[in-house]
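Architecture at a glance
What follows is the residue order along each chain.
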Amino acid sequence: MRKMRVLSKKDKSYFRAAQAVSTLSDFKRVNVGAVLVYKHRIISSSCNSQRTHPLQQKLNKERFEEETPAKLHAEVSCLIPLLGNKDIKWRDCELYVYREYKRGGLAMSRPCPSCQKLIKELGIKTVHYTTNGGYATEEFEI
């Protein structure tokens, strides 16, 4: 279920971190940043990238029938370094995804079906993201 909300001080700080990492993106059109929070600490962060990755290619099959370039989405890039980590209780993690328009203003950054598949497979329930002009939180059913 998706709900619009007013941000807490803690949420604002995590979105600022995601915004900062989004500036590292090498995409010309869209810059997206993601941070993963566990036990009130950021444990991973990344941005979308022109780089490719086999996992992204596999996940893209959720969205496209034909073979597509597997350019890394911020969410997948953020989660890849932690895959296989047995010390993380994924259901206690929260993912923050940030995107803004080149001319300023918040833009929709809801994870695509490919990213949602990985998020749900890991067991992450709570995802916060920017919308066109605001913020939303979504609780995924695991």
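Here is what the cut-offs are and how they apply
- Residues numbered from 1 in each chain as written.
- Predicted model: local features only at pLDDT ≥ 70, side-chain atom pairs only at ≥ 80, totals over all residues.
- Heavy atoms only, no water.
- Core = buried A, V, L, I, M, F, W, Y, C linked by side-chain atoms within 4.5 Å.
- Buried < 20%, exposed > 50% of the residue type's maximum accessible area, 1.4 Å probe, protein only.
- Helix = DSSP H or I, 4+ residues; strand = E, 2+ residues; numbered from the N terminus.
- Contact = heavy atoms within 4.5 Å.
- 1 Å grid on protein atoms, 1.4 Å probe; cavity = no way out; pocket = protein on both sides within 12 Å on 5 of 7 lines; lining within 4 Å.
- Points joined across faces, edges and corners; volume = space filled by probe spheres on them.
- Nonpolar A, V, L, I, M, F, W, Y, C, P; charged D, E, K, R; others polar.
- Pairing = 2+ DSSP bridges.
- Patch = residues over 30% accessible without salt bridge, like charges linked within 9 Å, V, L, I, M, F, W, Y side chains within 5 Å.
- Areas by Shrake-Rupley, 256 points an atom, 1.4 Å probe, with all protein chains shown as cover.
- Salt bridge = Lys/Arg side-chain N within 4 Å of Asp/Glu carboxyl O.
- Lys, Arg positive; Asp, Glu negative; His and termini not counted.
- Charge placed at Lys NZ, Arg CZ, Asp CG, Glu CD.
- Expected span 1.5 Å × (residues − 1).
- Arc of directions from axis to C-beta.

Residues Leu36, Leu79, Trp90, Leu95 and Ile124 are the most contacted members of the largest nonpolar core, which totals 28 residues. Looking at this core, the elements that each hand over two or more residues are β2 (32–38), α2 (54–60), α3 (74–79), β6 (93–99), α4 (113–122) and β7 (126–131). For Ile124, the contacting residues outside a window of four places in its chain are Leu36, Leu79, Trp90, Cys93, Ile119, Phe140 and Ile142. Core analysis: the second largest hydrophobic core is formed by nine residues, Leu7, Phe15, Val35 and Leu106 among them.

Below, the discussion takes up the layout of surface pockets. Size it by volume and the largest pocket reaches roughly 470 Å³. For the lining of the largest pocket, the elements supplying multiple residues, two or more each, are β5 (71–72), α3 and β6. For the lining of the largest pocket, the residue count by class is 11 nonpolar, five polar and six charged. Each pocket or cavity is described by its volume, and for the second largest pocket that value is around 160 Å³. Looking at the second largest pocket, the residues that line it are Ser22, Thr23, Arg29, Val30, Asn31, Arg99, Glu100, Tyr101 and Lys102. Residue classes in the lining of the second largest pocket are distributed as two nonpolar, three polar and four charged.

For Ala18, the position within the fold is in helix α1 (residues 9–22). Along the primary structure Ala18 and Cys47 are separated by 29 residues, whereas in three dimensions their C-alpha atoms are 8.2 Å apart.

For the rest of this paragraph, the subject is the pairing of β6. Counting buried positions along β6 yields five of seven residues, so the element is predominantly enclosed. Here seven bridges tie β2 to β6, and the two strands are oriented antiparallel to one another. Its bridge partner being in β6, Gly33 is matched across the sheet by Tyr98. Inspection of the sheet shows β6 paired to β7 by four bridges, in the parallel sense. Residue Leu95 lies in a different strand from β7, and its bridge partner there is Val127.

On the surface, Lys39, Lys89, Arg91 and Lys125 cluster together into a patch of positive charge. When you line up the elements, Arg91 lands in the loop between α3 and β6. Given the relative accessible area of 53%, Arg91 is considered exposed.

For α1, spanning 14 residues, the distance from its first C-alpha to its last is 20 Å, which sits close to the expected 20 Å at 1.5 Å a residue. Those residues of α1 lying buried are Asp11, Tyr14, Phe15, Ala18, Val21 and Ser22. An end-on view of α1 places all buried positions within 120° of arc, on one side of the element. Those residues of α1 that are buried are in contact with β2, β3 (41–47), β6, β7 and β8 (134–139).

A few words on α4. The set of residues buried in α4 consists of Ser114, Cys115, Gln116, Leu118, Ile119 and Leu122. As for α4, its buried residues are in contact with α2, α3, β6 and β7. Among the residues trailing α4, Gly123 stands out with phi positive, at a value near 100°.

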